[in-house]
Protein chains: 2
Amino acid sequence: MKELVDFRADILKALAQPTRLKIIDFLRDGERCVCEIFPAIGEEQSNTSRHLNMMLAAGVLSRRKDGLKIYYAIKSPEILEVVDTVTLIVKQEAAGRHELLKAV
Amino acid sequence: MKELVDFRADILKALAQPTRLKIIDFLRDGERCVCEIFPAIGEEQSNTSRHLNMMLAAGVLSRRKDGLKIYYAIKSPEILEVVDTVTLIVKQEAAGRHELLKAV
DNA sequence: CAATTAGTTGACTATATACTCATATAGTCT
DNA sequence: AGACTATATGAGTATATAGTCAACTAATTG
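Predicted, not measured: the structure shown is a model, and the values here were computed from it.

Enquirer: Looking at this model, I keep getting lost on the overall build of chain A. Mind explaining?
Expert: Check the secondary structure of chain A and you find 5 helices and 3 strands. Taken from the N to the C terminus, the helices and strands of chain A come in the order α-α-β-α-α-β-β-α. For chain A, the C-alpha radius of gyration of 16 Å lies well beyond 13 Å, the compact-globule estimate for 104 residues. Seen along its three principal axes, the alpha-carbon backbone of chain A occupies a region of about 60 × 40 × 20 Å. Once local pairs closer than 6 in sequence are excluded, the contacts in chain A between residues at least 24 apart make up 52%. When the accessible surface of chain A is split by element, carbon and sulfur atoms take 55% of a total near 5,800 Å². Side-chain charges in chain A split into 16 positive and 15 negative, and the spacing between the mean points of these groups amounts to 3 Å.

Here's what the structure looks like:
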């Protein structure tokens, strides 16, 4: 049986990739169809589709069908909270390195 | 040059693995040496060492040497904040599935 | 300095991942 | 129905990852 650790790992893994982070960043303002997403992030349509499906399966995105188009959206605000906290960590580390350099 | 997206991916990747999440969980209460960590999580010493070094490199853990022992600790409270938010997401999803089942 | 203890690292294997190109599916419009 | 548009998927390749066993380094103690 899959444990809690593994479900957490699945969600984190779904976010832990540059192309997927670009998608998340692009979806910040609301849902978008695949045809808007892949040009915006500069990736191939098929590759983008795979990443979208992967994040959908992990429970990070939601999907809505409208005619030919399929709209993806960030499933919950907590997802963005995770990404934002990580951004903060990166900035703190950058600041820390800067301090170290000044000290030399 | 490495971009912000990539640094964020590095941190998330450092957390996105069951063995490493077990380590993070175990380090919640403070620093521990490798000799305490690997029996606690039920992994080989060498494998544990690799994961610890990986997280250290990603900036997720810090390291302190004391005699023969090397103590690892979670580098910042924001790391735990990320993991806790993800735990919340998993619980929300579980609750959501439960609701769906009840509806049937 | 030999023996012991704590941790890291090299070499290897098995599996997973990201990506690409080509093809398939599904909905829309004439 | 046939052409068109939006998305997904099969198959292949290249690279990354997790894990194991054995060998190695470094600090400690007798």
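Enquirer: Explanation requested: the protein's contact with DNA strand C in the structure shown.
Expert: Neighbouring DNA strand C are 25 residues, the closest being His 51 of chain A together with Cys 35, Gln 45, Arg 50 and Tyr 72 of chain B. A share of 56% is what sugar and phosphate atoms reach among the atoms of DNA strand C within 4 Å of the protein. Separating a phosphate oxygen of DNA strand C from a side-chain N or O atom of Lys 13 of chain A is a distance of 3.4 Å. At the level of elements, helix H2 (18-27) and helix H4 (45-58) of chain A together with helix H3 (34-41), helix H4 (45-58) and strand S3 (69-74) of chain B are the ones that each hand at least two residues to the surface near DNA strand C. If you tally residues by element for the surface near DNA strand C, the top one is H4 of chain B, at 5 residues. Residue composition of the surface near DNA strand C, grouped by class: 7 nonpolar, 10 polar and 8 charged.

Enquirer: Can you walk me through the state of the cysteines in this structure?
Expert: By definition, a disulfide is the covalent link that joins the sulfur atoms of two cysteine residues. Residues and elements named next belong to chain A. The full count for this structure, using the stated rule, is 2 disulfides over all chains. At a sulfur-sulfur separation of 2.5 Å, the disulfide partner of Cys 33 is Cys 35. One disulfide, between Cys 33 and Cys 35, carries an S-S torsion of -70° and so falls in the left-handed class. In this structure Cys 33 comes out as buried when scored by relative accessible area, which is 2%.

Enquirer: Hey, could you run me through the sheet that holds strand S1 (residues 32-33) of chain A in this one?
Expert: Two orientations exist for strands paired in a sheet by backbone hydrogen bonds: parallel and antiparallel. Residues and elements named next belong to chain A. Read across the sheet, 3 strands follow the order S1-S3-S2 without closing on themselves; strand pairing throughout is antiparallel. Lying at the two open borders of the sheet, with one neighbouring strand each, are S1 and strand S2 (61-66). Taken strand by strand, H2 contacts S1, S2 and strand S3 (69-74), and its axis lies near 90° from that of S3.

Enquirer: Is there a simple way to think about the relation of the copies chain B and chain A in this case?
Expert: Relating the two copies of this chain is a rotation about some axis coupled with a shift parallel to it. The transformation that overlays chain B on chain A combines an axial shift of 0.0 Å with a rotation of 180°, and the residual RMSD is 0.0 Å. Each copy turns onto its partner about a two-fold axis. In terms of C-alpha distance to the rotation axis, chain B has Val 82 of chain B as its closest residue, with the C-alpha 2.7 Å off the axis. By residue overlap, the copies meet face to face through one surface: 100% of the interface positions of chain B are interface positions in chain A.

Criteria and thresholds
Sequence order as written defines the numbering, with residues in each chain counted from 1. For naming, the first written chain is A and the first written ligand is 1, with later ones following in the order written. Reporting in this predicted model follows two pLDDT cut-offs: at least 70 for local features of residues, and 80 or more for side-chain atom pairs to be given and counted; totals over whole chains, interfaces and linings ignore these cut-offs and use all residues. As a convention, hydrogens and water are excluded, and side-chain values are obtained from all of the structure's heavy atoms. Note on conventions: DSSP H or I runs of at least 4 residues are helices, E runs of at least 2 residues are strands, and numbering of each starts at the N terminus. For the radius of gyration, the atoms used are the C-alpha atoms, and the globule rule reads 2.2 Å times the number of residues raised to 0.38. Two residues qualify as a contact provided that any one of their heavy atoms is within 4.5 Å of a heavy atom in the partner residue. Where accessible areas are quoted, they stem from the Shrake-Rupley method and a 1.4 Å probe; at the residue level, only the protein chains shown are allowed to cover. A residue counts as positive if it is Lys or Arg and as negative if it is Asp or Glu; His and the chain ends are not included. Just so you know, the charge point we use is NZ for Lys, CZ for Arg, CG for Asp and CD for Glu. We call a residue near a molecule or strand as soon as one heavy atom of that residue lies within 4 Å of the molecule or strand. Polar contacts, as counted here, are pairs of nitrogen or oxygen atoms within 3.5 Å of one another; within protein the pair requires one atom able to donate a hydrogen and one able to accept it, and residues that are adjacent in sequence qualify only if both atoms are side-chain atoms. Here the nonpolar group is Ala, Val, Leu, Ile, Met, Phe, Trp, Tyr, Cys and Pro; Asp, Glu, Lys and Arg are the charged ones; every other residue, Gly included, is treated as polar. Here, a disulfide means two cysteine sulfur atoms that sit within 2.5 Å of each other. Note on classification: 1.4 Å probe, protein chains only; a residue is buried when its accessible area is under 20% of the maximum for its type, exposed when over 50%, partly exposed between these limits. For two strands to pair, DSSP has to find at least two bridges joining them. For helices, the fitted axis covers only the stretch in contact; all axes are lines through C-alpha atoms, and the angles between them, taken along N-to-C directions, range from 0 to 180 degrees. For this overlay, a least-squares fit was computed on C-alpha atoms, restricted to residues scoring pLDDT of at least 70 in both copies.

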